[in-house]
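Structural overview for review
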Amino acid sequence: MTAAGRGRRGPGRESRLVVANWKMNKTRPEAIACRDALAGRLPDRADVEVAVAPPFPFLDDLADPEGRWALAAQNCSSESAGAFTGEVSAAMLASCGCRYVILGHSERRKYFGEAEAMLAAKLARARDAGLVPIFCVGETLAEREGGLTEEVLRRQVEALERDPREAPLVVAYEPVWAIGTGRNATAEQAEETIGRLRELVGARASLRVLYGGSVTPGNAAELAARPAISGFLVGGASLDPAGFSEICRLTGPTGPV
Ligand code: PEP
């Protein structure tokens, strides 16, 4: 896909971003059906950029020649190239038309042992390839209840400090206790924590901070009304094109259309 083809909902300075993280769901026919449904339903808002992160095998199927959404990958290798069986490099993803790559998702941290040093290497590989990282951070319930949220976030954003290149960056605040649980952070909690995160990350030329954790059409408008929240990373609700399109409709900085 050409850069022009990806441009219609380009990342304007004020545009919000809504990312569909399909995780390890859908067969190829299901992915194609979902793509076609999205193409017919996504609201046409210039102030909301949409990205879809399908499983690797469906990246090519999900590329949208009309630029209604950008392509995102769910992960990339910490290595550049070579004898690393089963890995997918950032350069491969860029060559398949990806604009974004999700890094540091709590499921990767929890189930695949991804920690700060590896994530710093992945960030560097993503930047080398010209991908925009969507870097996920967030505390567990025990950490929040123990008053450790800020300490955890400070440690997690250290990986970002190791690569201070002035390039667009997306950070996703995803409290672990809200992911896939049906229990979202309140708008107050999300706004307050994202405000602190912005201070921890520091000034960047282009920084958007998303909220993720059980976002649905039922809570998106209230969360989106908070100016600190630049958009959403959506898991479960992104599997349904109607619900995901509705979230996109509700997300713009000027309210629902
Ligand atoms: C996620 O996986 O990033 C996520 C936020 O999931 P869910 O929306 O299902 O909580």
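No experiment lies behind these values; they were computed from the predicted model shown.

So, helix H5 (residues 116-128)
Owing to its 3.6 residues per turn, the α-helix aligns residues three or four sequence positions apart on the same side. Between its first and last C-alpha, H5 extends 18 Å over 13 residues, near the 18 Å set by a 1.5 Å rise per residue. The complete set of buried residues in H5 reads Glu116, Leu119, Ala120, Lys122, Leu123, Ala124, Ala126 and Arg127. Where H5 terminates, the next one or two residues include Gly130, which has phi positive at roughly 85 degrees.

Describing the packing of aromatic side chains
Here the structure, examined in full by the defined rule, presents 1 aromatic pair. Consider the rings of Tyr173 and Tyr211, whose centres lie 6.4 Å apart with planes at 55 degrees: the pair is tilted. A residue pair is termed long-range when its members are at least 10 positions apart, and Tyr173 in strand S6 (residues 169-173) and Tyr211 in strand S7 (residues 207-212) qualify at 38 residues. Per residue, the accessibility class of Tyr173 equals that of Tyr211, and both read buried. Sitting over the ring of Phe112, Arg108 keeps its end group 4.1 Å from the ring centre.

With respect to the sheet that holds strand S3 (residues 70-73)
Spatial ordering of the closed barrel is given by S1-S2-S3-S4-S5-S6-S7-S8, a layout of 8 strands whose pairing is parallel. Sheet twist, expressed as the average angle between the axes of neighbouring strands with direction ignored, equals 25 degrees.

Remarks on the nonpolar core
With 62 residues, the main nonpolar core has Val171, Leu197, Tyr211, Phe232 and Phe244 as its most contacted residues. When residues in this core are grouped by element, the largest group, 6 residues, is from helix H9 (residues 187-201). Setting aside chain neighbours within four positions, we find Phe232 in contact with Leu17, Val18, Val19, Leu210, Tyr211, Val215, Ala220, Leu223, Ala224, Ile247 and Thr251. With 15 residues, the next largest nonpolar core counts Val19, Ile102, Val132 and Ile134 among its residues.

Looking at the site of the ligand
Every one of the 14 residues lining the ligand counts as a neighbour, but Lys23, Glu174, Gly180, Ser214 and Gly236 are closest to it. Taking Gly180, its main chain carries an N or O atom lying 2.6 Å from an oxygen atom of the ligand. Contact distances for the ligand include 2.7 Å between an oxygen atom and a backbone N or O atom of Ser214. Burial of the ligand by the protein amounts to 96% of the accessible area it has alone, namely 290 Å². Here the shell around the ligand is composed, by residue class, of 4 nonpolar, 8 polar and 2 charged.

Section: the pattern of salt bridges
Scanning the entire structure with this criterion turns up 20 salt bridges. Notably, a salt bridge pairs Glu114 with Lys122, separated by 2.7 Å at the nearest N-O pair. The salt bridge involving Arg196 is made with Glu150; its shortest N-O contact spans 2.7 Å. Of the two residues, Arg196 sits in helix H9 while Glu150 sits in helix H7 (residues 149-156), which places them 46 residues apart along the sequence. Since its relative accessible area comes to 26%, Arg196 is described here as partly exposed.

A look at the pairing of strand S2 (residues 48-53)
Where burial is concerned, most of S2 is hidden: 6 out of the 6 residues are buried. The alternating pattern of S2 places Val48, Val50 and Val52 on one face and Glu49, Ala51 and Ala53 on the opposite face, and all of these are buried. Two strands pair when backbone bridges link them, and strand S1 (residues 16-21) and S2 are joined in this way by 6 bridges, in the parallel orientation. By the bridge assignment for S2, Val18 is matched with Val50. You can see the chain leave S1, run along helix H1 (residues 28-41) and come back into S2, and the turn it takes is right-handed. In this sheet, S3 lies alongside S2 in parallel orientation, the contact comprising 2 bridges. Bridge pairing links Val52 to Leu71 in S3.

Considerations on H9
Look at H9: 21 Å from first C-alpha to last across 15 residues, which is about the 21 Å you get at 1.5 Å a residue. Taken together, the buried positions of H9 are Ala187, Ala190, Thr193, Ile194, Leu197, Leu200 and Val201. Along the axis of H9, the buried positions cluster into a sector of 150 degrees, meaning they face one direction only. Facing away from the buried side of H9 by more than 90 degrees, the exposed set consists of Glu192 and Glu199. Phi turns positive one or two residues past the end of H9, at Gly202, with a value near 85 degrees.

Procedures and definitions
Residues numbered from 1 in each chain as written. Predicted model: local features only at pLDDT ≥ 70, side-chain atom pairs only at ≥ 80, totals over all residues. Heavy atoms only, no water. Helix = DSSP H or I, 4+ residues; strand = E, 2+ residues; numbered from the N terminus. Expected span 1.5 Å × (residues − 1). Buried < 20%, exposed > 50% of the residue type's maximum accessible area, 1.4 Å probe, protein only. Phe/Tyr/Trp six-rings, centres within 6.5 Å; stacked < 30°, edge-to-face > 60°. Lys NZ or Arg CZ within 6 Å of the ring centre and 35° of its normal. Pairing = 2+ DSSP bridges. Axes fitted to C-alpha atoms, helices over the stretch in contact; angles between N-to-C directions. Core = buried A, V, L, I, M, F, W, Y, C linked by side-chain atoms within 4.5 Å. Contact = heavy atoms within 4.5 Å. Near = heavy atom within 4 Å. Polar contact = N/O pair within 3.5 Å; in protein donor to acceptor, adjacent residues only side chain to side chain. Areas by Shrake-Rupley, 256 points an atom, 1.4 Å probe, with all protein chains shown as cover. Nonpolar A, V, L, I, M, F, W, Y, C, P; charged D, E, K, R; others polar. Salt bridge = Lys/Arg side-chain N within 4 Å of Asp/Glu carboxyl O. Right-handed = clockwise from strand over helix to strand, strands pointing away. Arc of directions from axis to C-beta.

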